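The chain contents come next:
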Amino acid sequence: MALLEVDRLRVEFPTRRRALVAVDDVSLTVEAGEVLGVVGESGAGKSVTGAAIIGLIEPPGRVAGGEIRFDGRRIDHLSDEEKRRIRGKEIGSVFQDPLTSLNPLFTVGQQLVETILAHSDRSADDARRHALRLLEDVGIPAAAHRIDSYPHEFSGGMRQRVVIALAVCAGPRLIIADEPTTALDVSIQAQIITLLKRLCREQGTAIMLITHDMGVIAETADRVAVMYAGRIVEVGQVRQILRAPTHPYTTGLMDSIPRLGRDDADLAQIDGAMPRLHEIPDGCAFHSRCPHAFDLCRRRRPVLRTTGETAAACFLFDQERSDDRRHRNSR
Ligand code: SF4
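None of these values were measured; they are calculated from a predicted model.

### A short note on the nonpolar core
In this structure, L4, I91, L135, L174 and Y249 are the most contacted members of the largest nonpolar core, which totals 92 residues. The element that contributes the greatest number of residues to this core is helix α6 (residues 156-168), accounting for 7 residues. Setting aside chain neighbours within four positions, we find L4 in contact with L28, T29, V30, I53, I68, R69, F70, L174 and M208.

Written out as C-alpha cells, the structure reads:
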C-alpha cells in the first residue's frame, strides 16, 4: 500500500453559470520515502491537487469527487480540525512564499517550539534544543543567536530554510512542497532542493514536489506526473521520461530545459498557452498546441494508458487510434 493514494480526484470551483473543473480524474500515488514530482505550467491543476491533499482548498472550491487516502485512511472527508491535525503531524508543507508559512509576530524559535510541543510530548527545554538542532541542520548560520530573530530579519533563502525546518519539525511522513524555490535566486534554488532531499532521505520522508520547472524535477524526483489542464497526461520514472518522453506536452517541457552544451537559442517554448478553466476545449485539451494533433484529438479525450515504461494520455500511443490515423493519412 502506498503512503499516499489519490484516486480519481476532482476539484471544482462553482461559479454562477457552472462549476469550473480545476482537477479532473487525477489518480496518483506516493510511496514512503519517494520523491514524486508534479510538473506543468501555471494553471495545470498541480497546486490545487496539493491543496486538496492537505485540505486547504479555498472555498467555494471543493473536492467534488474521488478519494484521498493517507496510510490507508481516507482523509478527504475529515473535519477541519482532524485535517489540521494531520497537516501538522503527518503531512508537512513548504510553499513558494515562506512568509505565508511564518507568523511575523513571533520569533522563528517560538514558532518551531510551539509546533514541536503541539505534536510531541517533549518538554519546553527539549523542544527548544530540538528547534536549535533543526535550524543548524537546515544551514542557518549562528543558529543559537538567530533562533530568537523574527522572520523579517532573514533573507528569502534563509526564510525558506526556516520553513523547511518548520515543515520537518514534527517528523511528518510526507511533505508537499509547492514551488519551494521559485521565489529564490537561482544560486539559492539548488541549495534548497539539496537540503530538502537530504532531510527527507535522512528521515525517510516522502516528498510531493510541485513545480513548473522540469529542470528541478530532473534534479530531484524519482517519478514524475505531468499535468495539463487539470489532468495527468504522463506519469513514470523520471529517468525514463528524461530519456524518452512520450506525450507531446512532456516533450515540449523537456525541450525547454537548459542543458550543459546546449545553446540557449536552441531552447524551444511550447507555442500558445494553457487554456483557462472556462476555456478547456473538447477532445484532448492540448490539441490546439500539439504539433501532432489529428482529427480525433479534437473530438475525443484520450485516457491515460501504459505505453511501455510510462503511461500517457495521447492517441499517438493508442494503437487502434493511431492505426486509424495512419490509414486516413495514407488515403
Ligand atoms: Fe497531441 Fe492528439 Fe496526443 Fe493530444 S491526443 S497530445 S492532440 S496527438
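### A closer look at the packing of helix α3 (residues 108-119) against helix α4 (residues 124-137)
For the pair α3 and α4, interaxial distance at closest approach is 9 Å and the crossing angle is 120°. Relative to α4, the element α3 lies oblique. The handedness of the crossing between α3 and α4 is right-handed. Across the interface between the two elements, V108, L112, V113, I116 and L117 from α3 touch A124, A127, R128, H130, A131 and L135 from α4.

### With respect to the sheet that holds strand β10 (residues 231-237)
With mixed pairing, 8 strands are arranged side by side in an open sheet as β6-β7-β8-β3-β9-β10-β12-β11. Each end of this open sheet is capped by a strand with a single partner; those strands are β6 (91-94) and β11 (305-306). Bridge analysis of strand β3 (residues 35-39) against strand β8 (residues 206-211) gives 5 bridges, and the strand direction is parallel. Each residue of the ladder has a partner; that of V35, found in β8, is I207. Against the sheet, α6 contacts β6 and β7 (174-178), and its axis sits at roughly 170° relative to β6. Against the sheet, helix α10 (residues 248-255) engages β3, β9 (223-228) and β10, with an angle of about 110° to β9.

### With respect to the site of the ligand
Neighbouring the ligand are 13 residues; C284, C290, C297, C314 and F315 lie closest to it. Tallied by class, the residues present in the shell around the ligand amount to 10 nonpolar, 3 polar and no charged.

### Let's talk about the packing of aromatic side chains
Overall, the coordinates contain 4 aromatic pairs when judged by the stated rule. Centre to centre, the rings of Y249 and F286 are 5.3 Å apart; their planes meet at 65°, and the pair counts as edge-to-face. Pair noted here: Y249 is in helix α10 and F286 is in the loop between α10 and α11 (295-299), with a separation of 37 residues, a long-range link. When its relative accessible area of 2% is taken as the criterion, F286 is described as buried. Centre to centre, the rings of F294 and F315 are 6.5 Å apart; their planes meet at 65°, and the pair counts as edge-to-face. Pair noted here: F294 is in the loop between α10 and α11 and F315 is in the loop between β12 (310-312) and α12 (319-330), with a separation of 21 residues, a long-range link. Since its relative accessible area comes to 11%, F294 is described here as buried. Here the aromatic residues Y228, Y249 and F286 are joined through ring pairs into a cluster of three or more. Above the face of the F154 ring, R146 is positioned so that its terminal group lies 4.3 Å from the ring centre.

### Considerations on the sheet that holds strand β1 (residues 4-14)
Spatially, 4 strands are ordered β2-β1-β4-β5 in an open sheet, and the strand pairing comes out antiparallel. Since the sheet does not close on itself, it has two edges, and those belong to β2 (19-30) and β5 (73-74), each with one partner. Taken together, the 2 bridges between strand β4 (residues 62-70) and β5 define a ladder with antiparallel strand orientation. Residue pairing across strands places R69 opposite R74, the latter belonging to β5.

### With respect to unusual backbone geometry
Backbone torsion omega between P59 and P60 reads 10°, so that peptide bond is classified as cis. Considering the arrangement of structural elements, one finds P60 in the loop between α1 (46-53) and β4. One non-glycine residue, D71, adopts positive backbone phi at about 55°. Given the relative accessible area of 38%, D71 is considered partly exposed. Phi at A229 takes a positive value of approximately 50°, unusual for a residue other than glycine.

### Some thoughts on α6
Taking 1.5 Å of rise per residue, 13 residues should cover 18 Å, and α6 covers 19 Å from first to last C-alpha, within 8% of that figure. Judged by how many residues are buried, α6 sits mostly within the fold: 11 of 13 residues are covered. Along α6, the residues that are buried comprise G157, R159, Q160, R161, V162, V163, I164, A165, L166, A167 and V168. Looking at the buried residues of α6, the elements they touch are β6, α3, α4, β7 and α7 (186-203).

### Section: the pattern of salt bridges
Under the definition given, this model contains 21 salt bridges. Taking the shortest distance from any N to any O, the salt bridge between R8 and D25 comes out at 2.8 Å. With a gap of 17 residues between them, R8 in strand β1 and D25 in strand β2 connect regions that are remote in the sequence. In this structure, the salt-bridge partner of R69 is E67, at a minimum N-O distance of 2.6 Å. You can call E67 partly exposed: its relative accessible area is 26%. Three or more residues are tied together by salt bridges with common partners; here these are E5, D7, E67, R69, R74 and D76.

So, how was this worked out
Residues numbered from 1 in each chain as written. Predicted model: local features only at pLDDT ≥ 70, side-chain atom pairs only at ≥ 80, totals over all residues. Heavy atoms only, no water. Core = buried A, V, L, I, M, F, W, Y, C linked by side-chain atoms within 4.5 Å. Buried < 20%, exposed > 50% of the residue type's maximum accessible area, 1.4 Å probe, protein only. Helix = DSSP H or I, 4+ residues; strand = E, 2+ residues; numbered from the N terminus. Contact = heavy atoms within 4.5 Å. Axes fitted to C-alpha atoms, helices over the stretch in contact; angles between N-to-C directions. Parallel < 35°, antiparallel > 145°, perpendicular 65-115°, else oblique. Left-handed = near helix turned anticlockwise from the far one by under 90°. Pairing = 2+ DSSP bridges. Near = heavy atom within 4 Å. Nonpolar A, V, L, I, M, F, W, Y, C, P; charged D, E, K, R; others polar. Phe/Tyr/Trp six-rings, centres within 6.5 Å; stacked < 30°, edge-to-face > 60°. Lys NZ or Arg CZ within 6 Å of the ring centre and 35° of its normal. Expected span 1.5 Å × (residues − 1). Salt bridge = Lys/Arg side-chain N within 4 Å of Asp/Glu carboxyl O.

Shape is all these values report; function is a separate question.
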